[in-house]
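What follows is the residue order along each chain.
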Amino acid sequence: MAYTNDDRLQVASQAVDGVLLVANFNSTTSTQVRAANPERTCLIVFNEGPGTLYLLYGPGIASSSNYSVALLPKSLLELPFYQGEVTGIFSVSGSIAKITEL
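Only a predicted model underlies this, so the values are computations on that prediction, with no experimental measurement involved.

## Topic: the packing of aromatic side chains
Part 1: Inspection of the entire model under this criterion finds 3 aromatic pairs.
Part 2: Consider the rings of Y54 and Y67, whose centres lie 5.0 Å apart with planes at 55°: the pair is tilted. Taken together, the positions of Y54 in strand β4 (residues 53-57) and Y67 in the loop between β4 and β5 (69-71) put the pair 13 residues apart, joining distant regions of the chain.

What follows is the structure in structure tokens.
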């Protein structure tokens with residue numbers, strides 16, 4: 001496909017309503033971080049630390065050996081377009097993660 005100088009990129013934007021911040025996810029047992037949500041456009045997770053946060057996408061029990069992604073302290077994860085369940089567990093107590101759902 002060839003492009004010419006007359007081609008224009010069109011960007012559609014939409015205001016975001018219903019932003020939800022779960023400020024203190026801190027479980028050292030496998031716990032649902034967010035339920036499945038067909039309206040979700042993005043899930044943002046920031047691990048404030050001090051432990052590693054193990055996240056599992058989809059149903060199941062999150063652990064240090066059963067996870068989709070491991071977030072080190074001070075790490076950020078953005079999950080655009082993912083609308084499924086997310087379960088998490090911290091490696092040490094006293095850890096905190098900020099969860100934002102758009």
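There's more to say after this.
## Some thoughts on the environment of S65
Part 1: Within the fold, S65 resides in the loop between β4 and β5.
Part 2: A relative accessible area of 70% places S65 in the exposed class.
Part 3: With 11 residues separating them in the primary sequence, S65 and Y54 have C-alpha atoms 8.8 Å apart.

## A short note on the environment of A97
Part 1: Locating A97 in the fold gives a position in strand β8 (residues 96-101).
Part 2: In this structure the C-alpha to C-alpha distance between A97 and L71, which are 26 residues apart in sequence, comes to 9.8 Å.

## A word on the pairing of strand β6 (residues 75-80)
Part 1: Residues of β6 alternate between two faces, with S75, L77 and L79 buried on one and L76, E78 and P80 left unburied on the opposite face.
Part 2: In this sheet, β6 lies alongside strand β3 (residues 42-49) in antiparallel orientation, the contact comprising 6 bridges. Counted as the bridge partner of C42 is P80 from β6.

## Here we look at the confidence of the model for the chain
Part 1: Put simply, the chain has an average pLDDT of 86, and 78% of its residues get 70 or more.
Part 2: Of all helices and strands in the chain, the one with the weakest mean pLDDT is strand β1 (residues 20-25) (70), whereas β5 scores best (98).

## Here we look at unusual backbone geometry
Part 1: The linkage connecting G49 with the following residue, P50, adopts the cis geometry, with an omega of 5°.
Part 2: In this structure, K74 takes a positive phi of about 65° despite not being glycine.
Part 3: Note that K74 resides in the loop between β5 and β6.
Part 4: Positive phi values are uncommon outside glycine, yet F81 reaches one of about 70°.
Part 5: With respect to the helices and strands, the residue F81 is situated in the loop between β6 and β7 (86-90).
Part 6: The exposure class assigned to F81 is exposed, which follows from its relative accessible area of 72%.

## Things to note about the nonpolar core
Part 1: Within the largest apolar cluster, 13 residues are counted, with the highest numbers of intra-cluster contacts made by F25, V45, L53, L55, A97 and I99.
Part 2: Contacts of F25, omitting those with residues within four sequence positions, involve T31, V33, L53, G88, I89, F90, S95, I96, A97 and I99.

Each value, and the rule that gives it
Residues numbered from 1 in each chain as written. Predicted model: local features only at pLDDT ≥ 70, side-chain atom pairs only at ≥ 80, totals over all residues. Heavy atoms only, no water. Phe/Tyr/Trp six-rings, centres within 6.5 Å; stacked < 30°, edge-to-face > 60°. Helix = DSSP H or I, 4+ residues; strand = E, 2+ residues; numbered from the N terminus. Buried < 20%, exposed > 50% of the residue type's maximum accessible area, 1.4 Å probe, protein only. Pairing = 2+ DSSP bridges. pLDDT = per-residue confidence, 0-100. Core = buried A, V, L, I, M, F, W, Y, C linked by side-chain atoms within 4.5 Å. Contact = heavy atoms within 4.5 Å.

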